[in-house]
Amino acid sequence: IFSLGIPSYAVQDVPAESFGICVLLFACLMFVFESLAEMLSVWFEDPILGMLQFMNFWFASFLFGGFLIPLDDLYWPFELFYYIMPYSYYVRSNIYETFSATTFEACTNQGVSAVCVNSTSGIEVLGDLERFFPVLSTENSTVFDLGILLLIGAVYKVLYIIGILYKTSLVAPIKNVEGL
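Residues numbered from 1 in each chain as written. Predicted model: local features only at pLDDT ≥ 70, side-chain atom pairs only at ≥ 80, totals over all residues. Heavy atoms only, no water.

A. Main features of the overall build of the protein chain. A tally of regular secondary structure across the protein chain gives seven helices and zero strands. Helices and strands in the protein chain line up, N terminus first, as α-α-α-α-α-α-α. In terms of overall dimensions, the protein chain is more spread out than a globule: its C-alpha atoms have a radius of gyration of 22 Å, far above the 16 Å expected for 180 residues. Based on the C-alpha atoms only, the size of the protein chain along its principal axes is roughly 90 × 40 × 25 Å. Out of the 180 residues belonging to the protein chain, those deemed buried represent 36%. A total accessible area of about 11300 Å² is found for the protein chain, and carbon and sulfur atoms account for 67% of it. (Helix = DSSP H or I, 4+ residues; strand = E, 2+ residues; numbered from the N terminus. Rg over C-alpha atoms; globule rule 2.2 N^0.38 Å. Buried < 20%, exposed > 50% of the residue type's maximum accessible area, 1.4 Å probe, protein only. Areas by Shrake-Rupley, 256 points an atom, 1.4 Å probe, with all protein chains shown as cover.)

Spelled out as structure tokens, the structure:
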């Protein structure tokens, strides 16, 4: 709440209507990364290698999230990263929820800015931003994106549980030694 609420809603004056759903989206994103960290802690014997893989995943999800490299610019093997990394789902819904509740001043001078919309609607401004950031959308896909984020996190959580069950099955059984 403090990492999202104070910077966005207290300092930047984002409309409060989007606070609840944006916190829920952020919590789902953190669930994905927490589940991944748990999974890596079990499957890697060396904690440094596990942390490096976590950083690798974070960087890859940032890189293939759709706002640095659009999906259309990715070749097939790398397109898979776009679909399995969590940032594209989080960014699309978070920006939609924030912009749908925001009003802007109308821009009448087209030469002033790259994004100039003669409307106060946040959705129309978002539609103009979509030209530069194809991951954004004027369609509400928040429920779908929440489901995908929960699914990605659940997959990592299941892999974590499988790792625990596997690692605990490697332990030798305790034998009763007489005389001790």
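From this point on, the discussion continues.
B. Highlighting the side chain of Asn94. Its place among the elements puts Asn94 in helix H5 (residues 87-100). Discounting chain neighbours no more than four positions away, the residues touching Asn94 are Cys22 and Leu25. (Contact = heavy atoms within 4.5 Å.)

C. Fine view of the pattern of salt bridges. Scanning the entire structure with this criterion turns up four salt bridges. One salt bridge in this structure joins Glu38 and Lys157, with 2.5 Å as the shortest N-O distance. Separated by 119 residues along the polypeptide, Glu38 in helix H2 (residues 19-43) and Lys157 in helix H7 (residues 142-169) bring together distant segments of the chain. Relative accessible area serves as the criterion here: at 24%, Lys157 is assigned to the partly exposed category. Among the salt bridges present, the one from Asp128 reaches Arg131, with a minimum N-O distance of 3.0 Å. (Salt bridge = Lys/Arg side-chain N within 4 Å of Asp/Glu carboxyl O.)

D. Region of interest: H5. Along its 14 residues, H5 runs 19 Å from first to last C-alpha, staying within 8% of the 20 Å computed at 1.5 Å per residue. Taken residue by residue, H5 has Tyr87, Ser88, Tyr89, Tyr90, Val91, Arg92, Ser93, Asn94, Tyr96, Glu97, Thr98 and Phe99 as its buried positions. Buried residues in H5 make contact with helix H1 (2-11), H2, helix H3 (47-63), helix H4 (76-84), helix H6 (122-129) and H7. (Expected span 1.5 Å × (residues − 1).)

E. Highlighting the state of the cysteines. Throughout the structure, instances matching the rule amount to zero disulfides. Take Cys22: it sits in no disulfide, and the sulfur closest to it among the cysteines is that of Cys28, at 12 Å. (Disulfide = S-S within 2.5 Å.)

F. Geometry of the side chain of Asp145. Summarising the element assignment, Asp145 is placed in helix H7. Reaching out from Asp145, the side chain makes a polar contact with the side chain of Arg92 at a distance of 2.7 Å. Discounting residues that sit within four places of it in the chain, Asp145 has contacts with Tyr89, Arg92 and Ser93. (Polar contact = N/O pair within 3.5 Å; in protein donor to acceptor, adjacent residues only side chain to side chain.)

G. Expanded view of a nonpolar patch on the surface. Nonpolar side chains collect at one region of the surface, where Trp43, Leu151, Val155, Val158, Leu159, Ile162, Tyr166 and Leu170 lie side by side and expose about 730 Å² of accessible area between them. For the nonpolar patch, the element with the most residues is H7, which contributes six residues. Here Tyr166 shows up in helix H7. Residue classification places Tyr166 among the partly exposed positions, given a relative accessible area of 43%. (Patch = residues over 30% accessible without salt bridge, like charges linked within 9 Å, V, L, I, M, F, W, Y side chains within 5 Å.)

H. Broad picture of the nonpolar core. Counting residues in hydrophobic clusters, the biggest one holds 35 residues, and the most contacted among them are Tyr90, Leu149 and Tyr156. Elements with a minimum of two residues in this core: H1, H2, H3, H5, H6 and H7. When residues no more than four places from it in sequence are discounted, the contact partners of Leu149 are Leu25, Cys28, Leu29, Val32, Pro86, Tyr89 and Tyr90. (Core = buried A, V, L, I, M, F, W, Y, C linked by side-chain atoms within 4.5 Å.)

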